[in-house]
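Each chain, written out:
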Amino acid sequence: MYTEQMLESMKKVAANREANAALEPRRMTAEEKEALLAKFHPDYKQDEFAILSVGGNKGEKVPTELRALLEAKSRINPADIDLSKADYETDVLIIGGGGAGASAAIEADEAGAKTMIVTKLRIGDANTMMAEGGIQAADKPNDSPAIHYLDAFGGGHFAAKPELLYKLVTEAPEAIQWLNDLGVEFDKMPDGTMVTTHGGGTSRKRMHAAKDYSGAEIMRTLRDEVLNRGIPVIDFTAAVELILDENGNCAGAVLMNMETNELLIAKAKTVILATGGAGRLHYQGFPTSNHYGATADGLVLGYRAGAKLLYADTLQYHPTGAAYPEQIFGALVTEKVRSIGAKLVNSDGEVFMHPLETRDVSAASIIRECQERGKGIETSDGQGIWLDTPMIELKNGEGTIEKRIPAMLRMFGKYGIDIRKEPILIYPTLHYQNGGLDIDADCMTKVENLFAAGEVVGGIHGRNRLMGNSLLDIIVFGRDAGKAAAEKAKSVNVGKLTLAHVDAFAAECEAAGIVGDTVSPKLLPTYTHGNPKFEAK
Amino acid sequence: MENMVNVFLMGKKYEVPSNLTIMGAMEYAGYQLVRGCGCRNGFCGACATIYRIKGESELKACLACQTKVEDNMYVATLPFFPLEKKIYDMEKIKPTEQIMMQLYPEIYSCIGCNACTKACTQGLNVMQYIAYAQRGDYEACAEESFDCVMCGVCSSRCPAGISHPQVALLARRLNGKYLAPKSEHLEDRVREIKNGTFEELLEGLMGKPISEMKELYNNREIEK
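Residues numbered from 1 in each chain as written. Chains lettered and ligands numbered in written order. Predicted model: local features only at pLDDT ≥ 70, side-chain atom pairs only at ≥ 80, totals over all residues. Heavy atoms only, no water.

Draft legend 1. Quick look at the overall build of chain A. Each helix and strand in chain A was counted, giving 18 helices and 21 strands. Expected size for 537 residues packed as a compact globule is a radius of gyration near 24 Å; at 23 Å, chain A falls within 12% of this value. Projected onto its principal axes, the C-alpha positions of chain A cover 70 × 60 × 40 Å. Within chain A, buried positions represent 69% of all 537 residues. Counting only carbon and sulfur atoms, one obtains 48% of the accessible surface of chain A, whose full area is about 17300 Å². (Helix = DSSP H or I, 4+ residues; strand = E, 2+ residues; numbered from the N terminus. Rg over C-alpha atoms; globule rule 2.2 N^0.38 Å. Buried < 20%, exposed > 50% of the residue type's maximum accessible area, 1.4 Å probe, protein only. Areas by Shrake-Rupley, 256 points an atom, 1.4 Å probe, with all protein chains shown as cover.)

Dropping the structure here:
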């Protein structure tokens, strides 16, 4: 499977394996990290960002691709929409069927609210399903929520909103317990002790996992619970605008059937945006580990309705996306591979960094190794660095890989690469939206009765997120948003519905001189894989 | 020029580069996928696909995002399959043998043809995990079925009408909730947090100036 050139380099990796496995590489100092990030992390490339000229964050910078969508035209003409007849009426409307949306639905239903989910694909088609490595919670005796707080706060460059991070770490153990009680299978020792490992930037081993199907195991269980509760799930139906009432409170959404394009009206007392991330916008041309539907829809919907963004200029590039073979270019290679013993090795077989630095630092370090030091390995899509997977079994014994990371074994096995015997090639891949909608401690955005949870939110993690804190945040804040939205719904009287904010936003764009035919939300990406018939368009 | 192959998408012929996955080939041909495409990474089961290489008798199943095209491949996607999902209350059901009999009695009609196992896109021993479920051995069923992505191909091939992925999901939930050992340290920690054990410590941290937080972070002890 590997090319001649790769095989040559691989010999050096094999020759050094034993020595490299025994090595305990030094961690970088704070100053070294800062200098590295400034020079090599994609977030620091100023010409890849643009300044917003309209809306609540006017004057702030966001990725160029995101700005185009935030300042694009609506998919609807409000004048064509009859808001007097609702196709759906509910207490709590949840937009998005991933982990946050499903958790919110279960809690809102539990609180007695009439709840429904709309999702543009199927429930469970979400980044949650693809989370591999694990979920953090400080539940071991040598750990505490305070240590978890410090790890996450520092790892996020001291930018997290303290009140949100406080909730994340203090509600983490209960989130694990809640999942366990729903029947999620965590990796445990025979006596019930959770098997926990390190992630990049953790100071205690608090990564809980379900092999390397952690997100899938959580998502399929949550989905089953939503269905058992009889919560309506309207699939293949996207929200294309939020609806406000005459008092400026959020009161529903205009929906679009993805297959028939039929428009529908959902009226609600409270709305939760749980639309996820943005990897499919392929910022700076990066491949992505994200789900097909990760197109920043929630940011667009919320922004047009008056919600504010926080840290929308910071993205996470996962250090280890698959760099080879090309069929899985950009696919996630879980950090757990490093948690259980594999190290990053360059073309000369040298370990060039500690394998568990935070993700932003690791990604920048890999980019430096390729771009500046010329120690990357050529691939059909660019360059890659070795992730020396055979080291795992050298350290932990035969069978470890099949037991702990079966999905990785399978993913590469399909292309004739046995990761137990051969190292794999990786390069950073667009993985996570660190920023998003600004919320308060009750998960409410700046728009009354509009809540948000999951990857669409910004501020929980600051400017970089630790492994396992996102799978955690979708549960913690999904549940909290569900409870808060259900509680708030009890006292809401919905006024006359309006889409005036859509017209007002369009007028603001026009006044700012924005031209172009782009419409948003984007909903789905388009791929043509170099077909000359389509590439010209 | 790239190496091209002929594929037949729903019977219609397209010429596509040989390095593409089936999903990539559909997009290359001009499909804008809505159904039959999810995580694009082998975890969600949205892109279940059945194919046959022209001239061969064997019908194969795969995930379109995880499988390379081959010359003369006849492809049919299976974007939805009507699995039977029973409704149950996890708080009320118990991990007894009877529960499968009540909820999914069709598993006892298995004729042992093994078509499910042969069709599994994840290479799982599906018939074996159904056998474990029949016996009420939910721990074994959970372990054997763990990597299931619920694409439904197994069920599409089953003469007994079994919804294997749903049976396995129930077994895993029963195992996770009732059979797997309890984690005492988890229960202790939840109790401590409810009692406010860490409140003061956390509030102290939240009130510190950033310079002091940097100091603490950069000098924190890291467990080996």
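Draft legend 2. Structural detail: the overall build of chain B. Helix and strand content of chain B: ten helices and five strands. Scaling as 2.2 N^0.38, a compact globule of 224 residues should have a C-alpha radius of gyration of about 17 Å, whereas chain B reaches 25 Å, well beyond that. Seen through its C-alpha atoms, chain B measures out along the principal axes to roughly 70 × 55 × 30 Å. Taking all 224 residues of chain B together, 50% fall into the buried category. Looking at chain B alone, contacts between residues at least 24 apart form 58% of all its contacts between residues at least 6 apart. If you sum the accessible surface of chain B, you get close to 10400 Å²; carbon and sulfur atoms cover 49% of it. (Contact = heavy atoms within 4.5 Å.)

Draft legend 3. Here's a closer look at the domain arrangement of chain B. Residue and element names in this part refer to chain B. Along its sequence, chain B is organised into domain 1 (4–77), domain 2 (97–179) and domain 3 (193–218). One C-alpha centre belongs to domain 1, the other to domain 2, and the line joining them spans 27 Å. Counting the surface lost from both domain 1 and domain 2, the interface buries some 610 Å², and carbon and sulfur atoms represent 68% of this. Along the contact surface separating domain 1 from domain 2 lie zero salt bridges. Where domain 1 meets domain 2, there are zero residue pairs in polar contact (both at pLDDT 80 or more). Ranked by residue count, the leading element in the side of domain 1 that touches domain 2 is strand β4 (residues 60–63), at three residues. Here the residues of the side of domain 1 that touches domain 2 are counted per class, giving seven nonpolar, two polar and no charged. (Domains from an automatic or database assignment. Buried area = accessible area lost by both parts, 1.4 Å probe. Salt bridge = Lys/Arg side-chain N within 4 Å of Asp/Glu carboxyl O. Polar contact = N/O pair within 3.5 Å; in protein donor to acceptor, adjacent residues only side chain to side chain. Nonpolar A, V, L, I, M, F, W, Y, C, P; charged D, E, K, R; others polar.)

Draft legend 4. A look at the side chain of Asp 388 of chain A. Along the chain, Asp 388 of chain A falls in the loop between β16 (382–387) and α13 (390–396). Ignoring anything within four residues of it in the chain, the contact list for Asp 388 of chain A reads Val 13, Arg 17, Ala 342, Lys 343, Val 345 and Pro 423 of chain A.

Draft legend 5. Structural context of the interface of chain A and chain B. Residue-level contacts link 94 residues of chain A with 75 residues of chain B. Both faces considered, chain A and chain B share a buried interface measuring about 7200 Å² in area, 54% of it formed by carbon and sulfur atoms. Our count for the chain A to chain B interface comes out at nine salt bridges. The salt bridge partner of Glu 225 of chain A is Arg 173 of chain B, with a shortest N-O separation of 2.6 Å. For the side of chain A that touches chain B, the elements supplying multiple residues, two or more each, are α5 (127–130), α6 (145–155), α7 (162–170), α8 (172–182), α9 (214–228), α15 (406–413) and α18 (532–535) of chain A.

Draft legend 6. Focus on the environment of Val 233 of chain A. Residue and element names in this part refer to chain A. Positionally, Val 233 belongs in strand β8 (residues 233–234). A relative accessible area of 23% places Val 233 in the partly exposed class. The sequence separation of Val 233 and Ala 22 amounts to 211 residues, and the corresponding C-alpha distance is 51 Å. Apart from residues lying up to four places away in sequence, Val 233 is in contact with Ile 117, Thr 119, Ile 123, Val 226 and Leu 227.

Draft legend 7. Main features of unusual backbone geometry. Residues and elements named next belong to chain A. Going from Tyr 324 to Pro 325, the amide bond is cis rather than trans, its omega being 0 degrees. Relative to the assigned elements, Pro 325 resides in the loop between β13 (315–322) and α11 (336–339). In the segment running from Ser 520 into Pro 521, the intervening peptide bond is cis, with an omega of 0 degrees. Mapped onto the elements of the fold, Pro 521 is located in the loop between α17 (500–511) and α18. In the Ramachandran plot, Lys 211 falls in the positive-phi region, its phi being about 50 degrees despite a non-glycine side chain.

Draft legend 8. Region of interest: the environment of Arg 173 of chain B. By the element assignment, Arg 173 of chain B lies in helix α7 (residues 164–179). Taking the relative accessible area as the measure of exposure, Arg 173 of chain B reaches 0% and is therefore buried. Residues Arg 173 of chain B and Pro 95 of chain B, spaced 78 residues apart in sequence, show a C-alpha to C-alpha distance of 9.4 Å. Ignoring sequence-local partners within four residues, the contact set of Arg 173 of chain B consists of Leu 182, Gly 183, Thr 221, Asp 224, Glu 225 and Asn 228 of chain A together with Tyr 88 and Met 90 of chain B.

Draft legend 9. Summary view of the pattern of salt bridges. Overall, the coordinates contain 48 salt bridges over all chains when judged by the stated rule. Two residues, Arg 26 of chain A and Glu 32 of chain A, come together in a salt bridge whose shortest N-O distance is 2.9 Å. For Arg 26 of chain A, a relative accessible area of 58% translates into the label exposed. Residue classification places Glu 32 of chain A among the partly exposed residues on the basis of a relative accessible area of 32%. When the shortest N-O distance is used, the salt bridge between Glu 225 of chain A and Arg 229 of chain A registers 3.1 Å. Under the relative-accessibility criterion, Glu 225 of chain A is labelled buried at 9%. With a relative accessible area of 28%, Arg 229 of chain A lands in the partly exposed category. Through salt bridges with shared partners, a single network forms among Asp 109, Glu 110, Asp 224, Glu 225 and Arg 229 of chain A together with Lys 85 and Arg 173 of chain B.

Draft legend 10. Examining the sheet that holds strand β2 (residues 12–17) of chain B more closely. Residue and element names in this part refer to chain B. What the five strands build is an open sheet, ordered β2-β1-β5-β3-β4; its pairing is mixed. If you trace the sheet from one side to the other, it starts and ends with β2 and β4, each paired once. Averaged over all neighbouring strand pairs, the angle between strand axes comes to 35 degrees, with direction disregarded. In the sheet, strand β1 (residues 4–9) pairs with strand β5 (residues 73–77) via three bridges, with the strands oriented parallel. When the bridges of β5 are listed, Val 7 appears paired with Met 73. Sitting on the sheet, helix α1 (residues 22–29) touches β1, β2, β3 (48–53), β4 and β5, and the angle it makes with β2 is about 105 degrees. (Pairing = 2+ DSSP bridges. Axes fitted to C-alpha atoms, helices over the stretch in contact; angles between N-to-C directions.)

Draft legend 11. A look at the pairing of strand β17 (residues 424–433) of chain A. Residues and elements named next belong to chain A. With ten of its ten residues buried, β17 lies for the most part within the structure. By the bridge criterion, six bridges tie β13 to β17 in an arrangement that is antiparallel. Bridging across to β17, Leu 315 finds its partner in Gln 433. As paired strands, β16 and β17 are joined by three bridges and run antiparallel to one another. If you follow Ile 385 over to β17, its bridge partner there is Ile 426.

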